[in-house]
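# Structure assessment
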Amino acid sequence: MPMFTDIKEIKQYTNVSNRLDFELLKTYIEEALRVKVYPYVSKTIVSEASGETLELLKKAVANYAIAYAIPFLKVNLSNTGGNYYTDDKMEKSPWYDLRDLGLSSIAIADRALNNCIELLITEGKLQRSNGIISTVNEFEKYYSLNSSWEVFTKLQPIMQWVWESMLAPQLSTCTPNDLRNYPTIWEKLQRTTVFFTIAEAAQVHSFSFTTTAIIQQWEELPWQKSKILNAAEVYAVAQRLQQLARHELAQLKQLLEKEAIACYVPSNAARQVEKLKSGLYF
């Protein structure tokens, strides 16, 4: 059974005209499901969804579909090339209004999908991962992802690398499971992981940054680039977060020693001062 049956149903979740051709949107609804939903919520769960879960999925898909459709709603292709649709009865929206519509649609969709996934985890229909940071909401306690599971998923390999290469060698034989039951220590470990992860992500040039968040850039919305930091600004973000991460790591090791956590045995090397551009660290 299709998720939507007509344009009036779409209109319940996003601001579109009743005259918008529903057949035109079908392609973008399918794309929204394939690219934005199914990687995180399976087809089976989507097909069986009901109640609040279904409402959140519909809100997400409707708004993702509109964002995908914006560049194509005014243009069609024929044997003579690309042609603009015209509507003499209404004044045309300026480009920045279309930009804001697209960005707003993405934000609404990302929040709805995130809320849906959290609900499914609470209901036991999706498994929470066993990593140091297991959900978008956990990550966003320390740094914003604009509620995007797409960004979070792409960051997970970096988080694993941060643990294996930057944290585990500093924490003796401690594993995340050893520290999970100590709230203050666990929060410090999460914060350290997030700061190192964002600093690394900023340097591999695979992500886009705004002044407040790391985001997934939509090529379908070229105007989005107006909100993205340039290379020098991103480098400054990376340097600052590396500084914060090293500070948090130093405090984490102090906490482990103070609480006499059995798996942590401070080494002489760990006590030596490390001189970096941003300061002195233990």
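Up top is the structure these notes are about.
The sections below set out a description of the structure shown in this document. (Residues numbered from 1 in each chain as written. Predicted model: local features only at pLDDT ≥ 70, side-chain atom pairs only at ≥ 80, totals over all residues. Heavy atoms only, no water.)

Along its length, the protein chain carries 11 helices and 6 strands. Looking at the 282 residues of the protein chain, the share that counts as buried comes to 45%. The contacts of the protein chain with a sequence gap of at least 6 include a subset with a gap of at least 24, amounting to 66%. Element-wise, carbon and sulfur atoms account for 51% of the exposed surface of the protein chain, whose accessible area totals about 15,800 Å². (Helix = DSSP H or I, 4+ residues; strand = E, 2+ residues; numbered from the N terminus. Buried < 20%, exposed > 50% of the residue type's maximum accessible area, 1.4 Å probe, protein only. Contact = heavy atoms within 4.5 Å. Areas by Shrake-Rupley, 256 points an atom, 1.4 Å probe, with all protein chains shown as cover.)

Taken together, the buried positions of helix 2 (residues 22-37) are occupied by Phe 22, Leu 25, Tyr 28, Ile 29, Ala 32, Leu 33, Lys 36 and Val 37. The residue sitting at the N-terminus of helix 2 and contributing the capping side-chain oxygen is Asp 21; that oxygen lies 3.0 Å from the backbone nitrogen of Glu 23. (Polar contact = N/O pair within 3.5 Å; in protein donor to acceptor, adjacent residues only side chain to side chain.)

One side chain can pair with another of opposite charge once the charged atoms of both are near each other. A complete count under the given rule lists 10 salt bridges for this structure. The residue Lys 125 makes a salt bridge to Glu 123 at a minimum N-O spacing of 3.5 Å. Judged by its relative accessible area of 53%, Lys 125 falls in the exposed class. With a closest N to O distance of 3.8 Å, Lys 154 and Glu 150 form a salt bridge. A residue pair is termed a helical-turn pair when its members lie 3 or 4 positions apart in one helix, as Lys 154 and Glu 150 do in helix 7 (residues 149-167) at 4 residues. By relative accessible area, which is 40% here, Lys 154 ends up partly exposed. What makes Glu 150 buried here is its relative accessible area of 16%. Each of Glu 187, Lys 188, Arg 191 and Glu 248 takes part in a single network of salt bridges with overlapping partners. (Salt bridge = Lys/Arg side-chain N within 4 Å of Asp/Glu carboxyl O.)

Positive phi values are uncommon outside glycine, yet Ser 172 reaches one of about 55°. Relative to the assigned elements, Ser 172 resides in the loop between helix 7 and helix 8 (176-179). For Ala 260, which is not glycine, the phi torsion reads 55° and is therefore positive. With a relative accessible area of 61%, Ala 260 lands in the exposed category.

So, about helix 9 (residues 183-204). In this model, helix 9 (22 residues) spans 32 Å end to end at C-alpha, consistent with the 32 Å of a helix rising 1.5 Å per residue. Across the 22 residues that make up helix 9, a large majority, 16, are buried. Following helix 9 by one or two positions, His 205 has its phi on the positive side, about 60°. (Expected span 1.5 Å × (residues − 1).)

Attention shifts here to the packing of aromatic side chains. Under the criterion given, the structure shown has 3 aromatic pairs. Ring centres 6.2 Å apart and planes at 65° place the aromatic pair Phe 4 and Tyr 13 in the edge-to-face group. Using a relative accessible area of 4% as the deciding quantity, one classes Phe 4 as buried. Assessed through its relative accessible area of 11%, Tyr 13 is described here as buried. Judged by centre distance (5.2 Å) and plane angle (75°), the rings of Trp 149 and Phe 152 are edge-to-face. Within this pair, Trp 149 and its partner Phe 152 are both found in helix 7, separated by 3 residues, close to a single helical turn. You can call Phe 152 buried: its relative accessible area is 0%. Within the aromatic cluster, the residues linked to one another by ring pairs are Phe 139, Trp 149 and Phe 152. (Phe/Tyr/Trp six-rings, centres within 6.5 Å; stacked < 30°, edge-to-face > 60°.)

By size, the foremost hydrophobic cluster in this structure holds 85 residues, and its most contacted members are Val 41, Phe 139, Leu 155 and Ile 214. In terms of residue count, the dominant contributor to this core is helix 4 (residues 51-73) (11 residues). When neighbours within four sequence positions are excluded, Phe 139 is seen to be in contact with Ile 133, Leu 145, Phe 152, Leu 155, Met 159, Val 194, Thr 197 and Ile 198. (Core = buried A, V, L, I, M, F, W, Y, C linked by side-chain atoms within 4.5 Å.)

Without other data, these values stay purely geometric and don't point to any function.
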